[in-house]
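Each chain is listed here by its residues.
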Amino acid sequence: MTQRFMAPADIEAKSFRILQEKMGPFHGTEEELAIVTRVAHATADVDFGMSLYIHEGAIESGLSALRSGAPVITDVEMVRAGIRKDGLESMGGRVLTFLNDPEVAEMARDTANATRSQMAMRKALPHMEGAIVAIGNAPTALFEIIDRIKAKEASPALVIGMPIGFVGAAESHQELIELDYPSITAPGPKGGSPVAAAIVNALIKLALRP
């Protein structure tokens, strides 16, 4: 008979035991496994978690940024809401999201074919040096970050590129992979705000380890 009610800690522990059984042998590092497992847990999709692209320098760069108190810049409020802020703030960091800034809305109105998500990334540029950028919704935001990195106008420590959808998401993921920059993404159109937040939270947990 299924046990319908369990303590939250017991639910999480059981979930991760089931995940580890489903994932089988993992040939990456302990830190990579922590991120893959957290994404698989957040999506209930082991295959998607196992498909993650984790650039060779991504985790080290992200952990260094968090421990130095760097901010996490998100494209939408949903990513912001999912991030473990107590852990981030204990290291001196904070979450920055400019999507609903009135100036961003004005910039989007005044720029041809621009989205607010794209303009939010432009608004974030002064805060981006050494920061973590977590994109969970808008491909246009990720394209903007990629373009700014290519133009040497932005140098975040880590780009988490997880926009979702059938228009531009897969293409933005692929461009990020080809950029050969400290980043975490996945081939194809899957992603989403819960995935981006899960990756940030996995990194925060790793950064707080003694």
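Our structure's up above, just so we're on the same page.
Residues numbered from 1 in each chain as written. Predicted model: local features only at pLDDT ≥ 70, side-chain atom pairs only at ≥ 80, totals over all residues. Heavy atoms only, no water.

Peer 1: Give me the side chain of Gln118: which residues, what numbers.
Peer 2: Structurally, Gln118 can be placed in helix α8 (residues 116-124). Since its relative accessible area comes to 15%, Gln118 is described here as buried. With near-sequence residues (within four places) excluded, Gln118 lies in contact with Asn113, Thr140, Ala141 and Glu144. (Helix = DSSP H or I, 4+ residues; strand = E, 2+ residues; numbered from the N terminus. Buried < 20%, exposed > 50% of the residue type's maximum accessible area, 1.4 Å probe, protein only. Contact = heavy atoms within 4.5 Å.)

Peer 1: Mind laying out the nonpolar core, listing which residues take part and the relevant values?
Peer 2: With 43 residues, the main nonpolar core has Ile35, Leu66, Ile160, Met162, Ile199 and Leu203 as its most contacted residues. Among the elements of the structure, α1 (8-23), α2 (30-43), α3 (46-50), α4 (58-67), β4 (132-135), β5 (158-161) and α11 (193-207) are those that each provide at least two residues to this core. Looking at this core element by element, the count peaks at 10 residues for α11. (Core = buried A, V, L, I, M, F, W, Y, C linked by side-chain atoms within 4.5 Å.)

Peer 1: Please give an account of the packing of α1 against α2 that cites residues and values.
Peer 2: Here α1 crosses α2 at 110 degrees, and the two axes come no closer than 10 Å. For the element pair α1 / α2, the angle class is roughly perpendicular. Along the contact surface, α1 presents Glu12, Ser15, Phe16, Leu19 and Met23, while α2 presents Leu33, Val36, Thr37, Arg38, Ala40 and His41. Of the residues that constitute the contact of α1 with α2, the class distribution is 6 nonpolar, 3 polar and 2 charged. (Axes fitted to C-alpha atoms, helices over the stretch in contact; angles between N-to-C directions. Parallel < 35°, antiparallel > 145°, perpendicular 65-115°, else oblique. Nonpolar A, V, L, I, M, F, W, Y, C, P; charged D, E, K, R; others polar.)

Peer 1: Go over the packing of helix α7 (residues 102-110) against α8 with me, naming the residues and quoting the values.
Peer 2: At their nearest, the axes of α7 and α8 sit 8 Å apart, and the two run at 120 degrees to each other. By the angle between their axes, α7 is oblique relative to α8. Considering the relative orientation of α7 and α8, their crossing is right-handed. Between α7, through Glu103, Val104, Ala105, Met107 and Ala108, and α8, the contact on the second element is made entirely by Arg116, Met119, Ala120, Arg122 and Lys123. Partitioned by chemical class, the residues of the contact of α7 with α8 number 6 nonpolar, no polar and 4 charged. (Left-handed = near helix turned anticlockwise from the far one by under 90°.)

Peer 1: Account for the environment of Ala65, with residues named and values stated.
Peer 2: Considering the arrangement of structural elements, one finds Ala65 in helix α4. Assessed through its relative accessible area of 4%, Ala65 is described here as buried. Apart from the residues lying within four places of it in its own chain, the contact partners of Ala65 are Ala70, Gly130, Ile132 and Ala157.

Peer 1: Outline the pairing of β5, listing residues and values.
Peer 2: In β5, alternate side chains face the same way, and those of Leu158 and Ile160 on one face and Val159 and Gly161 on the other are all buried. Across 4 bridges, the pairing between β4 and β5 is parallel. Bridge pairing in β5 links Ile135 to Gly161. For the crossover that starts at β4, traverses helix α9 (residues 139-150) and ends in the parallel β5, the hand is right-handed. In the sheet, β5 pairs with strand β6 (residues 183-185) via 2 bridges, with the strands oriented parallel. If you follow Val159 over to β6, its bridge partner there is Ser183. Handedness of the crossover joining β5 and β6 through helix α10 (residues 169-179): right-handed. (Pairing = 2+ DSSP bridges. Right-handed = clockwise from strand over helix to strand, strands pointing away.)

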